[in-house]
Amino acid sequence: MLQQISLFKTVYCDAPQPWQLGFQDSGAPGFTGIVELHNTIFFYLVVICVSVFWLLGSIIYYYNNTKNPIIHKYLNHGTLIELIWTITPALILIAIAFPSFRLLYLLDEVISPTITIKVTGHQWYWSFEYSDYVSESGDPIEFDSYMIPESDLELGQFRLLDVDNRVVIPVDTHIRLIVTGADVIHDYAVPSLGIKIDACPGRLNQASLLTERTGVFYGQCSEICGVYHGFMPTAIEAVSVQDYLTFLDSL
Amino acid sequence: MSDTAEAQSNYLLQTAGFDARFPNTNQTKRCFQNYVDYNRCINAKGEDFAPCKQFLKAYHSLCPNAWIEKFDEQKENGTFPASFEP
Ligand SMILES: [Cu+2]
């Protein structure tokens with residue numbers, strides 16, 4: 001509670017904090033775009049809300065039955081004003097739709113990826129596969145990633161967010177995620193990287209992933225998938241390319 | 001550092017690129033198609049024909065390993081829902 005009041009906060013990177021309002025710090029251009037769109041629209045939303053309620057309030061105040069017993073003809077019906085307040089909202093909606101669609105299609109784009117990582121949702125854990133480097137005989141790189149139970153948490157680890165095996169990825173590298181489910185529909189979501197994509201059994205969904213800085217980014221399953229839906233988080237660890245290669249070697 | 005250099009030479013950071021036949025989020029058919037194409041390719045040109053490796057790498061990159069196992073099983077049983085005839 002004290003942390004909420006305190007003005008000078010330490011930086012809470014990449015994991016939600018209790019009672020957080022607003023977004024986590026962005027780690028990917030996609031999420032920066034989402035936050036920017038949200039903030040821009042929110043500005044106009046506040047302007048519209050204030051002016052609409054101002055108008056509504058002042059009309060109720062000045063033109064009520066006691067203050068204004070005579071009905072003005074041009075207040076009851078006015079073709080011009082009705083045209084203006086019908087067309088203006090339509091234009092505003094269009095002005096919101098365009099940047100929104102632009103962002104949507106930009107997020108959809110998977111730009112010539114360097115690595116493909118396969119993500120599979122299970123009841124109730126995520127598993128990951130790196131298969132780009134595998135020769136015909138070589139063993140595929142695959143591992144499961146379970147949440148660390150509360151009793152095993154070490155100091156500094158996040159309750160309900162930290163996992164035993166993190167997904168290690170190189171920073172500043174375009175990565176393709178192929179997301180699927182093994183049993184029921186899950187949803188792979190990492191807010192600070194702007195990823196949220198359904199993991200449907202029998203279907204492969206593609207998403208693009210690019211981190212702009214190193215760090216650990218936390219996410220959770222975002223489709224109700226059974227009793228332990230809330231206990232299958234994921235952690236993406238973005239490291240330098242050198243460290244990534246060392247990680248591959250260690251597997 | 002020498003470890004890194006060694007590691008660097010071991011891995012080629014490369015994966016299946018953009019495929020204009022499958023521009024959408026849904027890549028299911030792309031995995032399947034590459035599997036079929038690989039098998040057609042080796043049936044026509046033999047296992048060692050280098051250009052076939054392209055399909056092999058693509059379907060390994062795109063298909064979950066469990067799917068590949070299932071496909072292989074179906075191929076052996078002759079129940080795979082596509083023809084491998086070149
Ligand atoms: Cu789930």
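See the structure above.
Here is a short report on the structure shown in this document. (Residues numbered from 1 in each chain as written. Chains lettered and ligands numbered in written order. Predicted model: local features only at pLDDT ≥ 70, side-chain atom pairs only at ≥ 80, totals over all residues. Heavy atoms only, no water.)

### Brief notes about the overall build of chain B
Assigned secondary structure in chain B consists of four helices and zero strands. Seen in sequence order, chain B has helices and strands lined up from the N terminus as α-α-α-α. With 86 residues in all, chain B has 42% of them scored as buried. Here the analysis covers contacts within chain B between residues at least 6 apart in sequence; of these, 57% occur between residues at least 24 apart. In the structure as shown, chain B presents an accessible area of about 5100 Å², 50% of it carried by carbon and sulfur atoms. (Helix = DSSP H or I, 4+ residues; strand = E, 2+ residues; numbered from the N terminus. Buried < 20%, exposed > 50% of the residue type's maximum accessible area, 1.4 Å probe, protein only. Contact = heavy atoms within 4.5 Å. Areas by Shrake-Rupley, 256 points an atom, 1.4 Å probe, with all protein chains shown as cover.)

### Details of the overall build of chain A
If you tally the helices and strands in chain A, you get five helices and ten strands. For the C-alpha atoms alone, the extent of chain A along its principal axes is close to 90 × 45 × 35 Å. Here chain A holds 251 residues, and 36% of them are scored as buried. For chain A, the proportion of contacts with a sequence separation of at least 24, taken over those separated by at least 6, is 61%. For chain A, the exposed area adds up to about 15300 Å²; of that, 64% sits on carbon and sulfur atoms. Positive and negative charge centroids in chain A, built from 11 and 26 side chains respectively, lie 16 Å apart. (Lys, Arg positive; Asp, Glu negative; His and termini not counted. Charge placed at Lys NZ, Arg CZ, Asp CG, Glu CD.)

### Things to note about the coordination of the copper ion
All names here are of chain A. At the metal site, the copper ion is ligated by H186 (ND1), C221 (SG), C225 (SG) and M232 (SD), and these contacts range over 2.0 to 2.6 Å. In this structure, the copper ion is surrounded by four donor atoms whose angles at the metal cover 96 to 127 degrees, and the resulting shape is tetrahedral. Read in sequence order, the donor residues coordinating the copper ion give the pattern H-x34-C-x3-C-x6-M. Here the residue H186 occupies a position in strand β6 (residues 186-190), and M232 occupies one in the loop between β9 (215-221) and β10 (234-239), the gap between them amounting to 46 residues. Taking relative accessible area as the criterion, M232 reaches 1% and is therefore assigned buried. (Donors = N, O, S within 2.8 Å, 3.2 Å for Na, K, Ca; no water. Tetrahedral: all angles 85-135°; square planar, octahedral: opposite > 155°, others 65-115°.)

### Some words on the side chain of A:Q24
Residues and elements named next belong to chain A. Here Q24 shows up in the loop between α1 (2-5) and α2 (29-62). On the basis of relative accessibility, which here comes to 12%, the residue Q24 falls in the buried class. Apart from residues no more than four positions distant in its own chain, Q24 is found in contact with D14, A15, P16, F31, P191 and S192.

### Overview of unusual backbone geometry
Most of the time, phi is negative for any residue but glycine, and the peptide bond is trans. Residues and elements named next belong to chain A. Cis rather than trans, the peptide bond between Q123 and W124 has omega equal to 0 degrees. Here W124 lies in the loop between β1 (115-122) and β2 (125-130). With a phi angle near 65 degrees, L160 is a residue other than glycine that sits in the positive phi range. Here L160 shows up in the loop between β3 (141-145) and β4 (167-170).

### Focus on the nonpolar core
Formed by 36 residues in total, the largest nonpolar core has its most connected members in A:I117, A:Y130, A:L177, A:Y188, A:I236, A:Y244 and A:L248. The biggest single contributor to this core is helix α5 (residues 241-250) of chain A, with four residues. Formed by 21 residues, the second largest nonpolar core is a distinct cluster that contains B:Y38, B:C52, B:W67 and B:I68. (Core = buried A, V, L, I, M, F, W, Y, C linked by side-chain atoms within 4.5 Å.)

### Digging into the state of the cysteines
Residue and element names in this part refer to chain B. In the structure shown here, the tally under the stated rule is two disulfides over all chains. Covalent S-S linkage joins C41 and C52, the inter-sulfur distance amounting to 1.9 Å. Because the sign of the S-S torsion sets the handedness, a value of about -80 degrees for the bond joining C41 and C52 places this disulfide among the left-handed ones. With a gap of eleven residues between them, C41 in helix α2 (residues 28-45) and C52 in the loop between α2 and α3 (53-62) connect regions that are remote in the sequence. The connectivity of the disulfide-linked cysteines in chain B, indexed sequentially, is 1-4, 2-3. (Disulfide = S-S within 2.5 Å.)

### Re the pairing of β4(A)
Residue and element names in this part refer to chain A. Across the two faces of β4 the burial is the same, with V167 and I169 and V168 and P170 all buried. For β4 and β10, the ladder comprises four bridges, and the chain directions are parallel. Residue V168 lies in a different strand from β10, and its bridge partner there is E237. (Pairing = 2+ DSSP bridges.)

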